[in-house]
Every structure is written in structure tokens, then in C-alpha cells.
Amino acid sequence: MKLGLEGKKALITGGSSGMGEAATRLFIEEGVDVAINYSRNDERAKNLLSQLKGKKGKAILVKGDVGEYKEVERIVKEVMDKFGRIDILVHCAGIAQPKEDTPENWDRVMKVHLYSCYYLGKLVSPIMINQKSGKIIIISSIAAHTCGDNAYCVAMAGKICYAKGLAKKLAPYNINVNTISPGTIFTPMLDPFIPPEKRREFTEKNIPLYKNKEGYPEGMEIGKVILFLASDLANHITGEDIKVDGGQFIHY
Ligand SMILES: NC(=O)c1ccc[n+]([C@@H]2O[C@H](COP(=O)([O-])OP(=O)(O)OC[C@H]3O[C@@H](n4cnc5c(N)ncnc54)[C@H](OP(=O)(O)O)[C@@H]3O)[C@@H](O)[C@H]2O)c1
């Protein structure tokens, strides 16, 4: 069976790094045109764009902060101006839980992770309803399931709740909405917490599927599941949350 992705148009928030970058690379190989959103690191985004030149799908950069409604309005408009439609929305943009527990930090994490889902959902839904099809994939975390009293855990749990509600609303329009809850994935986000020389030790201890396997989980483990959920193979899945963690959650 074919994936049914060729010629589709995707917006990937946080598409310049980690899991989002993995999804970008896989989509481009399948002939999907990808709008890569990011907010700060121009050099990283431009470097990725230059690596994608001449591939099957076309990539463009759309810089902007998903934690601000006006910015998301502009991002979506820019994608529509360039692509004319949005078939797939992948929401990977995110920041780690800041060290300090302050109201300002709580606010920021909530905006970037949770409010952004609402902003994107509100603005992209009418486009997909009009097209009578679409796939929305939101990245949550096993932190949503292990729980904690910090903004990151609460926002991640909120993402799943929001996505299920949106899935219910959009199902009659042939639009699927799902979340992925990754376990520990060694992307740039994790470097300040688990430095490269500690990756293997952490992996052996915490991720059962990697106990007798070389290496450690990287963004591509999630990119593959994003590709699956965006494809025709997942046409009958909606309102689901899929843990992709190498058994980390059942191990705890
Ligand atoms: N890594 C893990 O172990 C893990 C586990 C579970 C869940 N997650 C979640 O998975 C998602 C992807 O994380 P990752 O590990 O792939 O992180 P990453 O490698 O740090 O990538 C994060 C991406 O988000 C972009 N970004 C950050 N803030 C943004 C904003 N306000 N507006 C737009 N773009 C923004 C970054 O670009 P700029 O830096 O240029 O802004 C970058 O492209 C996040 O939601 C993260 O919380 C991660």
C-alpha cells in the first residue's frame, strides 16, 4: 500500500531540529512540500534548507513564535500564500521546562506548548475543513503520563486533552488528530540535561528496547511515527495518543 503523501503540503512547527527535523527529512523524501517553522536559530534552519535542495519535496522556512497568536496568524498566512493549502500540520515546536519555577516561566511554557495548540488548531482547522481532509499530529510527552506539578507536564497533558477534543470536532470532515508521547529522545533539547557522554548510560538504564542494542534513541524514532500518522496507513486512527518510548514508561 502507498503512503499517499506525494504532492501534499505540510507545516511542521519546530521543523528545524530534533523530531521535527526528522519528520521534515522523511516528508521531503516522500515528495511532501514542507514549511519549516522555527523561532530563533536561523543558522540551523538555513543549513537544513540547503541540505534539502534538489530533493523530491520542496522546503521553505517560516520563522515565527508559535506561543504568540499574531505570529501564528502570520505563519499560517505565509504558508497559505506559498503553498495554497495545508494537508498536514505537525506541531513539534517546544522548549524544555526552565530550571526556575516562576510565574513568568510557567506562562512561557504554557504559551509555547499548550496555547500554541489552540492557536494552530483554530487557524488550520477551517483550512482543512474547507479541503475536507487533513492530518494533525501534535507532539506531547510521556511527561503527560508520568505527571508532575510543573508547567511542562501540565502543558503536555493539556495537549492530549485538546487533541482529543479537536479530533471529535473534526472527524466528520475527514480530519485526523492524534498525539505522540515520546520518551527520552536525544535531540538538542536534551543536551543541557544529559550530555553526550552520558547518553548510553541513561539509555541502558531506562529504555528496555535499547538494553541489548547499540546507541540511543534519536529524533528519527519519532519522525517515522509522524510519517505513519500523516500517511494513508493511519486513515482510521483519530483521537489517539501513541507512546513511542522503547518501553520507558512501562519500565518506570
Ligand atoms: N527530546 C525529548 O526527550 C522529548 C521527549 C518528549 C517530548 N519532547 C517534546 O517534543 C517536541 C520536539 O522536541 P525536540 O526534542 O525535537 O526539541 P529540539 O531539538 O530542541 O527542537 C525544538 C524545535 O522547536 C523550535 N522552537 C522552539 N521554540 C519555538 C517557538 N516558540 N516557536 C517556534 N518554534 C520553536 C526550535 O527552533 P528554534 O530553536 O530556532 O526556535 C526547534 O526547531 C517538543 O515539544 C518537546 O518538548 C521531547
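Refer to the structure presented above.
An account of the accompanying structure is given in this report. (Residues numbered from 1 in each chain as written. Predicted model: local features only at pLDDT ≥ 70, side-chain atom pairs only at ≥ 80, totals over all residues.)

**What about the overall build of the protein chain?**
Per the secondary structure count, the protein chain includes nine helices and seven strands. If one aligns the C-alpha atoms of the protein chain with their principal axes, the spans along those axes are about 45 × 40 × 40 Å. Residues counted as buried form 44% of the 252 residues belonging to the protein chain. (Helix = DSSP H or I, 4+ residues; strand = E, 2+ residues; numbered from the N terminus. Buried ≥ 20, exposed ≤ 12 C-beta atoms within 10 Å, placed from the backbone.)

**Some remarks on helix α8 (residues 219–230)**
Helix length check: α8, at 12 residues, gives a terminal C-alpha distance of 16 Å against a target of 16 Å (1.5 Å per residue), a fit within 8%. All buried positions along α8 are accounted for by G219, I222, G223, V225, I226, L227, L229 and A230. On its buried face, α8 sits against α1 (18–29), β4 (88–91), β5 (134–139), β6 (175–182) and β7 (241–244). (Expected span 1.5 Å × (residues − 1). Contact = placed C-beta atoms within 7 Å.)

**Quick notes on unusual backbone geometry**
The phi dihedral of K132 is positive, around 60 degrees, even though this residue is not glycine. Along the polypeptide, K132 turns up in the loop between α4 (103–131) and β5. Not every positive phi belongs to a glycine, and N174 is a case in point at roughly 65 degrees. Here N174 is to be found in the loop between α6 (151–170) and β6. By C-beta crowding, N174 is classed as partly exposed, having 15 other C-beta atoms within 10 Å.

**Quick notes on the site of the ligand**
The environment of the ligand is made up of 30 residues, and the closest members are G14, G18, G94, T187 and M189. Breaking the shell around the ligand down by element, the ones donating at least two residues are α1 and β2 (33–38). The element best represented in the shell around the ligand is α1, accounting for three residues. In terms of residue class, the shell around the ligand is built from 13 nonpolar, 15 polar and two charged. (Near = placed C-beta within 6 Å. Nonpolar A, V, L, I, M, F, W, Y, C, P; charged D, E, K, R; others polar.)

**Some remarks on the nonpolar core**
Ranked by internal contacts, the top residues of the largest apolar core, which has 65 residues, are A10, A23, F27, V34, I36, V90 and I226. At nine residues, α6 tops the list of elements feeding residues into this core. Sequence-distant contacts of A10, defined by excluding residues within four places in its chain, comprise F27, V32, V34, A35, D87, I88 and V90. (Core = buried A, V, L, I, M, F, W, Y, C linked by C-beta atoms within 7 Å.)

**Topic: the pairing of β5**
By the criterion of burial, β5 is predominantly enclosed, with six of the six residues buried. The side-chain alternation of β5 yields two buried faces, one formed by G134, I136 and I138 and the other by K135, I137 and I139. In this structure, β4 lies alongside β5, joined through four bridges in parallel fashion. In the strand pairing of β5, I88 is matched with K135. Handedness of the β-α-β unit built from β4, α4 and β5 comes out right-handed. Pairing between β5 and β6: six bridges, direction parallel. (Pairing = 2+ DSSP bridges. Right-handed = clockwise from strand over helix to strand, strands pointing away.)

**Here we look at the sheet that holds strand β3 (residues 59–63)**
Read across the open sheet, the seven strands follow the order β3-β2-β1-β4-β5-β6-β7; overall the sheet is parallel. Strands at the two margins of the open sheet, each flanked by one partner only, are β3 and β7. Pairs of neighbouring strands in the sheet enclose a mean axial angle of 20 degrees, with direction left out of account. Pairing of strand β1 (residues 9–13) with β2, which is carried by four bridges, proceeds in the parallel orientation. (Axes fitted to C-alpha atoms, helices over the stretch in contact; angles between N-to-C directions.)

**Here's the deal with the environment of G31**
Relative to the assigned elements, G31 resides in the loop between α1 and β2. Taking the C-alpha atoms as reference points, G31 and G4, separated by 27 residues in sequence, lie 9.9 Å from one another. When sequence neighbours within four positions are dropped, the list of residues in contact with G31 reads L5, E6, G7, K56 and G57.

**Some remarks on α1**
A turn of α-helix holds 3.6 residues, and therefore any two residues three or four places apart point the same way. Relative to the 16 Å expected for 12 residues at 1.5 Å per residue, α1 spans 17 Å between its end C-alpha atoms, a close match to the ideal helical length. Most of α1 is tucked away: 11 of the 12 residues are buried. Within α1 the residues assigned to the buried category are G18, M19, G20, E21, A22, A23, T24, R25, L26, F27 and I28. Where α1 terminates, the next one or two residues include G31, which has phi positive at roughly 90 degrees.

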